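# Commentary on secondary and tertiary structure
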Amino acid sequence: MKIIRIDPIIADLPLLRPFKMSGVEISVSENVFARIETDTGLVGWGEASSSPAMTGETVESMVAAIRYLTPFLTGRDPADFMDNKKEMDWRLYGNASAKTVLEIALYDLAGKARKMSVAELLGGVQRARMPVVKMLATGDLATDVGDAREGADEGYAAMKIKVGGKPVDQDIERTNAIGDALAGAVQLSSDTNQGWNRDEAVSFARGASAVLDFLEQPLHGHDVEGMAMIAGESSCPIAADEGLHSFDDVRRHHAMGAAQGGSVKMIKLGGVTRAHEATKLFAELGMNVNLAGKTAETSVSSAAVLHLAASARTLAWGVSPTTPYLATDVVRNPIAVVGGHVSTPDGPGLGVEVDEDKLATYARAL
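We now turn to the structure provided with this report. Within any chain, residue numbers begin from 1 and follow the written order of that chain's sequence. pLDDT decides what is reported in this predicted model: residues at 70 or higher carry local features, side-chain atom pairs at 80 or more are listed and counted, and totals for whole chains, interfaces and linings draw on all residues regardless. Derived side-chain values reflect all non-hydrogen atoms in the structure, with water molecules and hydrogen atoms excluded from consideration.

## Thoughts on the overall build of the protein chain
- The helix and strand labels rest on DSSP assignments: H or I over at least four residues marks a helix, E over at least two residues marks a strand, and numbering proceeds from the N terminus. When helices and strands are tallied, the protein chain shows 14 helices and 13 strands.
- Atoms counted for the radius of gyration: C-alpha only. Globule rule: 2.2 Å times the number of residues to the power 0.38. For the protein chain, whose C-alpha radius of gyration is 20 Å, the value lies close to the compact-globule estimate of 21 Å for 366 residues.
- With the principal axes as the frame, the protein chain shows a C-alpha extent of 60 × 40 × 40 Å.
- Classification of the 366 residues of the protein chain by burial places 58% in the buried group.
- Here, residues are in contact when the closest pair of their heavy atoms is within 4.5 Å. Pairs at least 24 apart in sequence give 72% of the contacts found in the protein chain among residues at least 6 apart.
- Per-residue and other accessible areas follow the Shrake-Rupley method at a 1.4 Å probe size, with only the shown protein chains counted as cover for residues. Total accessible area on the protein chain is roughly 13700 Å²; 48% of this is exposed by carbon and sulfur atoms. Three exposure classes are used, based on accessible area relative to the maximum for each residue type with a 1.4 Å probe and protein chains only: buried under 20%, partly exposed in between, and exposed over 50%.

## A short note on the pairing of strand β7 (residues 187-191)
- Burial analysis of β7 places 4 of its 5 residues in the buried class, which makes it a mostly covered element.
- Strand direction decides the pairing type here: strand β6 (residues 158-162) and β7, joined by 5 bridges, are parallel. Opposite Met159, over in β7, you have Leu188 as the bridge partner.
- Handedness of the β6-helix α7 (residues 168-182)-β7 crossover: right-handed.
- Bridge count between β7 and strand β8 (residues 214-216): 3 bridges; the pairing is parallel. By the bridge assignment for β8, Ser189 is matched with Phe214.
- For the handedness criterion, the β-α-β arrangement of β7, helix α8 (residues 198-208) and β8 is classed as right-handed. Two strands are counted as paired when DSSP detects at least two bridges linking them. Note on handedness: a crossover is taken as right-handed if, strands pointing away from the viewer, the path from the first strand over the helix to the second is clockwise.

## Regarding helix α6 (residues 141-154)
- Between the first and last residue of a helix there are one fewer steps than residues, each counted as 1.5 Å, and that sum is the expected span. Spanning 14 residues, α6 covers 20 Å between terminal C-alpha atoms, matching the ideal 20 Å at 1.5 Å per step.
- Every buried residue belonging to α6 is among Asp144, Val145, Asp147, Ala148 and Gly151, and all of these are buried. Considered in projection along α6, the buried side chains sweep an arc of 160 degrees and stay on one side of the axis. Away from its buried face by more than 90 degrees, α6 exposes Ala142 and Asp153.
- Between a side-chain oxygen at the N-terminus of α6 and the backbone nitrogen of Ala142 the separation is 3.4 Å; the capping residue is Asp140.
- One or two steps after α6, the chain reaches Gly155, where phi turns positive at roughly 110 degrees. For this quantity, the arc is that covered by the directions from the helix axis to the C-beta atoms. What qualifies as a polar contact is a pair of N or O atoms within 3.5 Å, subject to a donor-acceptor requirement within protein and to the restriction that residues adjacent in sequence count only when both atoms come from side chains.

The structure is reproduced here in structure tokens:
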């Protein structure tokens, strides 16, 4: 089986309702897809949303990177994961999101060819059903408290409050109100997405960490020393996200006491293979893991996240597929959250079937 064609696609996908993250309101997710075809007639799909602040990539740069790598991947076996990864890294430095789009599609193809799921390709299924982390991200106290109560009634076992971008005392008030409403019934965290300086983070840790199970990325990703300082002020564990782009980053946060766990995302590490290896490293270091997509991705990328979560040694901080936050999906068998939990899709590869006509309705002309 050899790759004969790679087609990148940009799609602008509307969110169900706007998200507020570090003071920025997001109503549309800009995503890149790759359709990879082989000489056996199989088609594989990959996807990632752009995150310039996290990886330095835009949808335009991701497409350019995919097109640049296409001649070097053409003619190769999709199932040669390590060699394909080495080829991409040798030919093009960085561009982790673009490489993620391609590698998801390669795993999808390999699974379809071998009649195995991506989780099976990664070494086996550790869990088939996983708790989903529900986002509380309107920024409005009453709305988020209502959403939290509704989520608890639906069976969600984990929730995450998006904070930052407002005066920190307002975030403290909203977080404590949500914590009081839930009364310890679910695992509760907050995520700043690098939105605070050290003084703001200390104030929040002192004022709200008592109701949280962990506090995610209160400072800029490069400020590991500051993260360690906040860990000393917080009564809950600290999680890293934007600060984790390599295995060395994970080890450094652990060694400095800057994080007791973190969010593993393919777009930060450069694909499925490295994300899976990262979950092993977290387990070896005794760190907690959350498997997450970027806000917001369709069932293509979310399926990959679920297969990673299903195969991970530990998943103490749940899984965060972001498909539920989109107003639409582009697959015929979308990821379904039932009772606050989700299962890996059935079938080979990713286990989802892309509706190419529907995707085309959201695609930009290239």
